[in-house]
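The lines below spell out each chain.
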Amino acid sequence: MPLPHTMNALKLYAPGDIRFETVPLPRIKDDEVLVNVKACGVCGSDIPRLLTHGAHRAELIPGHEFSGVVVAVGKDVDNVAPGRRVTAAPLIPCMKCQWCDKGHYSLCENYDYLGSRSDGAMAEYVRVPKANLLPLPDSVAFEAAAMVDPAANAVHALDKAEIAPDSAVAIFGVGPIGLFAIQLAKHLGAKIVIGVDVNEEKLALAKTAGCDAVINSLKQDPAQAIREIVPGGANVILDASGAPIAQHQCALAAANHAAVIFLGISHDSLTLSEKAVDRILRGELCLRGSWNSFSKPFPGREWTYSVELMEQGVFGNPSFISHRLRLNEGPEFFTALAKDRFNFNKIMFLP
Ligand SMILES: [Zn+2]
Ligand SMILES: [Zn+2]
């Protein structure tokens, strides 16, 4: 079938100004492919991008968590052919800086990014470099494949800790990344996995994802509740919420020699109580940050392993998706979200 000359897309003009438009079809370079988008998720980072902070460039097509079918390939593309079902990593590292050299692509000093710096996938078609593609097994549905990005973020974060068979793991913030972290911790054999959030619906979902216990931190002090479940505290703690109050509670809930990993993006300062500082020192805690999801060889084990875990049925659950939308419903949906800030889990566009 010949390709059309135009496509439908969502375009971000300014924070809160998102329009549904007909735009020219992206033109691919020799080392790029054109993907017909079948599903595109809304990332936690898209919410401030779309509603408050804006993007790096005006009139951007957002969307970096997607899957689809390759419909055209540049002349230097040898790893996929048209018709292939794929997902793709959104980071386009420079491959020249000291961090790229070491394979720490998440720390690249001069990167491009689909959906934040270059046009993304809240559209019928998106242009993708061949190095970013991951072919999909037949059993991995497009919707699941559009969640490989949050899954890979969970893998990248938990790769920074050691989960032993007797480990107690606590996950603060059980949005999509937190849910994948729960599934991964269980899969890696953690003895007990505890989910913490302020939202009952999300906690119910955390249970279906495999949590042994859930704590609503509006109703209970999570550090105390975790210590009641696991005397001594949790060995691996992941903050996927980005809320300073949760980051503080993470330190208080940690066992001796625990790894505390901060992944949730925060735009706030963090004050630690004397008790928390004492816990960090006396418990010899390891506090680590985790950023994005990439390693060598690009895009990294985080991505290939996440696809594998989806194929095995370890990762994912259709109920992670709270909203399914057509592209033309986007502007109205984001206006309503800006106004009411209603609860959501994964929002998925099906162009
Ligand atoms: Zn994302
Ligand atoms: Zn670089």
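Just above sits the structure.
Remember, it's a predicted structure, so these values are computed and weren't measured experimentally.

(A) Main features of helix 4 (residues 148-158). Across the 11 residues that make up helix 4, a large majority, 11, are buried. Those residues of helix 4 that sit buried are Val148, Asp149, Pro150, Ala151, Ala152, Asn153, Ala154, Val155, His156, Ala157 and Leu158.

(B) The arrangement of the coordination of the zinc ion (ligand 1) in detail. Protein ligation of the zinc ion (ligand 1) involves Cys43 (SG), His64 (NE2) and Glu65 (OE), the donor distances falling in the range 2.2 to 2.5 Å. Sequence spacing of the donor residues for the zinc ion (ligand 1), all on one chain, is C-x20-H-E. Highlighted residues: cysteine 43 in the loop between strand 3 (32-42) and helix 1 (46-53) and histidine 64 in the loop between helix 1 and strand 4 (65-73), separated in sequence by 21 residues. Assigned by exposure class, cysteine 43 and histidine 64 land together as buried.

(C) Focus on the environment of glutamate 308. Among the secondary structure elements, glutamate 308 is positioned in helix 10 (residues 301-311). Residue glutamate 308 is classed as partly exposed on the basis of its relative accessible area of 40%. In the structure, glutamate 308 is positioned 172 residues away from leucine 136 in sequence and 9.3 Å away in space, judged by C-alpha atoms.

(D) Just the side chain of aspartate 149, in detail. Looking at the secondary structure, you find aspartate 149 in helix 4. Lysine 346 provides the closest opposite charge to the buried, unpaired aspartate 149, separated from it by 6.8 Å. Ignoring sequence-local partners within four residues, the contact set of aspartate 149 consists of His64, Glu65, Pro90, Tyr113 and Trp303.

(E) Here's a closer look at the sheet that holds strand 12 (residues 213-216). Spatially, 12-11-10-13-14-15 is the arrangement adopted by the six strands of the open sheet, whose pairing is parallel. Each of the sheet's edge strands pairs with one partner strand only, and the pair in question is strand 12 and strand 15 (286-289). Sheet twist, expressed as the mean angle between neighbouring strand axes with direction ignored, is 15°. Pairing of strand 11 (residues 192-197) with strand 12 involves four bridges; the strand directions are parallel. Among the inter-strand pairings, glycine 195 is bridged to a residue of strand 12, identified as valine 214.

(F) Expanded view of helix 1. All buried positions along helix 1 are accounted for by Asp46, Ile47, Arg49, Leu50 and Leu51. In this structure, the buried side of helix 1 is in contact with strand 1 (6-14), strand 2 (17-24), strand 3 and helix 11 (330-340). Directly beyond the C-terminal end of helix 1, a positive phi value near 85° is found at glycine 54.

(G) Up close: the packing of aromatic side chains. Enumeration according to the criterion identifies nine aromatic pairs in this entry. The interplanar angle of 20° and the centroid separation of 5.9 Å between the aromatic rings of phenylalanine 294 and phenylalanine 298 together place this pair among those described as stacked. Taken together, a centroid distance of 5.8 Å and an interplanar angle of 15° make the contact between phenylalanine 294 and tryptophan 303 stacked. In this structure, phenylalanine 294 and tryptophan 303 share a single accessibility class: buried. Joined through ring pairs, the aromatic side chains of Tyr105, Phe294, Phe298 and Trp303 make up one cluster. Above the plane of the ring of tyrosine 13 lies arginine 19, whose end atom (NZ or CZ) is 3.7 Å from the centre. Here the guanidinium or amino end of arginine 85 rests over the ring plane of phenylalanine 142, the centre of that ring lying 4.4 Å away.

(H) Region of the structure containing the coordination of the zinc ion (ligand 2). Cys94 (SG), Cys97 (SG), Cys100 (SG) and Cys108 (SG) make up the full set of protein donors to the zinc ion (ligand 2), lying at 2.3 to 2.4 Å. Its four donor atoms give the zinc ion (ligand 2) angles of 102 to 118° at the centre, a pattern that matches the tetrahedral case. In the primary structure, the donors to the zinc ion (ligand 2) are separated according to the pattern C-x2-C-x2-C-x7-C. Of this pair, cysteine 97 sits in the loop between strand 6 (91-92) and helix 2 (98-102) while cysteine 108 sits in the loop between helix 2 and strand 7 (112-113); the two residues are 11 residues apart in sequence, bridging distant segments of the chain.

(I) Structural context of the packing of helix 8 (residues 244-252) against helix 9 (residues 274-282). As a packed pair, helix 8 and helix 9 sit with axes 8 Å apart at the nearest point and diverge in direction by 50°. Regarding the angle of helix 8 to helix 9, the classification is oblique. In this structure, helix 8 meets helix 9 at a crossing whose hand is left-handed. Each of His248, Ala251 and Leu252 in helix 8 lies in contact with helix 9, whose residues at this interface are Lys275, Ala276, Arg279 and Ile280. Classifying every residue of the contact of helix 8 with helix 9 gives four nonpolar, one polar and two charged.

(J) Geometry of the pattern of salt bridges. Per the counting criterion, the structure on display carries 15 salt bridges. Between lysine 75 and aspartate 76 there is a salt bridge, with the nearest N and O atoms lying 3.8 Å from each other. Classification of aspartate 76 as partly exposed rests on a relative accessible area of 36%. Across the salt bridge formed by aspartate 212 and lysine 186, the nearest N and O atoms sit 3.0 Å from each other.

Definitions and limits used
Residues numbered from 1 in each chain as written. Chains lettered and ligands numbered in written order. Predicted model: local features only at pLDDT ≥ 70, side-chain atom pairs only at ≥ 80, totals over all residues. Heavy atoms only, no water. Buried < 20%, exposed > 50% of the residue type's maximum accessible area, 1.4 Å probe, protein only. Helix = DSSP H or I, 4+ residues; strand = E, 2+ residues; numbered from the N terminus. Donors = N, O, S within 2.8 Å, 3.2 Å for Na, K, Ca; no water. Lys, Arg positive; Asp, Glu negative; His and termini not counted. Salt bridge = Lys/Arg side-chain N within 4 Å of Asp/Glu carboxyl O. Contact = heavy atoms within 4.5 Å. Pairing = 2+ DSSP bridges. Axes fitted to C-alpha atoms, helices over the stretch in contact; angles between N-to-C directions. Phe/Tyr/Trp six-rings, centres within 6.5 Å; stacked < 30°, edge-to-face > 60°. Lys NZ or Arg CZ within 6 Å of the ring centre and 35° of its normal. Tetrahedral: all angles 85-135°; square planar, octahedral: opposite > 155°, others 65-115°. Parallel < 35°, antiparallel > 145°, perpendicular 65-115°, else oblique. Left-handed = near helix turned anticlockwise from the far one by under 90°. Nonpolar A, V, L, I, M, F, W, Y, C, P; charged D, E, K, R; others polar.

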